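# Reading the structure
Residue-level listing of the chains:
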Amino acid sequence: MSLDRVRAGGWRARIGVIVPPSNTVNETEFNRLKPDGVTFHFTRSPLHADPAADDFAEMMRDLDRACGDLAACAVDLVAYGCTSGSMACPADRLLGKLREASGADSVSTADAIVAALNALGAARIAMATPYTDATNAHEAEFLERHGIEVVAASGLGLNASFEKIQQISRVAPKAVFDHALSVDRPEAEALLICCTDFNTVDAIEPLEETLGKPVVTSNAATLWASLRATGIEDRIEGCGRLLSEF
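Quick summary incoming for the structure in this document.

Definitions and limits used
Residues numbered from 1 in each chain as written. Predicted model: local features only at pLDDT ≥ 70, side-chain atom pairs only at ≥ 80, totals over all residues. Heavy atoms only, no water. Helix = DSSP H or I, 4+ residues; strand = E, 2+ residues; numbered from the N terminus. Rg over C-alpha atoms; globule rule 2.2 N^0.38 Å. Buried < 20%, exposed > 50% of the residue type's maximum accessible area, 1.4 Å probe, protein only. Contact = heavy atoms within 4.5 Å. Areas by Shrake-Rupley, 256 points an atom, 1.4 Å probe, with all protein chains shown as cover. Axes fitted to C-alpha atoms, helices over the stretch in contact; angles between N-to-C directions. Parallel < 35°, antiparallel > 145°, perpendicular 65-115°, else oblique. Left-handed = near helix turned anticlockwise from the far one by under 90°. Core = buried A, V, L, I, M, F, W, Y, C linked by side-chain atoms within 4.5 Å.

With that settled, consider the overall build of the protein chain. When its secondary structure is counted, the protein chain shows eleven helices and eight strands. Computed over the C-alpha atoms, the radius of gyration of the protein chain is 17 Å, within 12% of the 18 Å expected from 2.2 N^0.38 for a compact globule of 246 residues. Once the C-alpha set of the protein chain is aligned to its principal axes, its extents read approximately 55 × 45 × 35 Å. The 246 residues of the protein chain split such that 54% are buried. Taking the intrachain contacts of the protein chain between residues at least 6 apart in sequence as the baseline, contacts between residues at least 24 apart amount to 73%. Surface accessibility of the protein chain: about 10600 Å² in total, with carbon and sulfur atoms responsible for 49%.

Another aspect to go through is the packing of helix H2 (residues 57–72) against helix H4 (residues 91–102). Viewed as axis vectors pointing N to C, H2 and H4 meet at an angle of 40°, and their least axial separation amounts to 8 Å. Considering the angle they form, H2 stands oblique to H4. As H2 packs across H4, the resulting crossing turns out to be right-handed. Of H4, the residues touching H2 (which contributes Met 59, Met 60, Leu 63, Asp 64, Cys 67, Gly 68 and Ala 71) are Arg 93, Leu 94, Lys 97, Leu 98, Ala 101 and Ser 102.

With respect to the element layout, Asn 118 can be found in helix H5 (residues 109–119). Put simply, Asn 118 and Gly 231 are 113 residues apart on the chain and 19 Å apart in space, counted from C-alpha to C-alpha.

One can find Asp 184 in the loop between helix H8 (173–183) and strand E7 (190–193). What makes Asp 184 buried here is its relative accessible area of 15%. Setting aside residues no more than four positions away along its own chain, Asp 184 makes contact with Ala 126, Leu 211 and Lys 213.

Of all hydrophobic cores here, the largest spans 64 residues; its most connected members are Phe 40, Ile 125 and Leu 143. Sequence-distant contacts of Phe 40, defined by excluding residues within four places in its chain, comprise Ile 15, Val 17, Phe 30, Asn 31, Lys 34, Leu 223 and Leu 227. Counting 18 residues, the second-largest nonpolar core is a separate cluster that includes Ala 66, Leu 95, Leu 98 and Ala 101.

Given below as structure tokens:
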């Protein structure tokens, strides 16, 4: 085989992703769906139970280190791949820190979800998560501040301890499908499944076919926003309207 036409990896875009230490699904799903010429480079940053308690100081210090790792990879974009963390921290603080510390453009899961729902024209949603009711309430408040009404929300209570958090990635796609289906309401214009460590990619299209409405997940939204922010307009089939049509 001639090497004359073989390009280096990431010739279209190199995207850095920051995830919590226990997260394994985000990396798996992104690499499964990545377009040709795009590479993803992952690092980890600690979860913070109450990042606002010290005005996000510890979170910002941890992000400095994580962004330094990704800056060494010369990534074109940094994505913060944690739903609850990105919904807790004000966007200007979070995205500003990512840009400052990495020297690259930035997106977050929280802002990607809002942008995705806006692109789909969905102002009323049902929300399925692996979280506790308290976390769901915080996330519903975030969405409602951004003009998105949460008409129903339900979780699996799996972020109550570190041992339970480690179980999130082990929830099978069929169980994710069943859980999400149980949360939907007729008045919801879309279904949102939160958490970047939840096995959602195989459930998206079956849910859309069953419900007849768009389904947005934390990982699909973050992937979509990351690709579009780096000028990658490829449509990805088989995992929902967001990635195949927008």
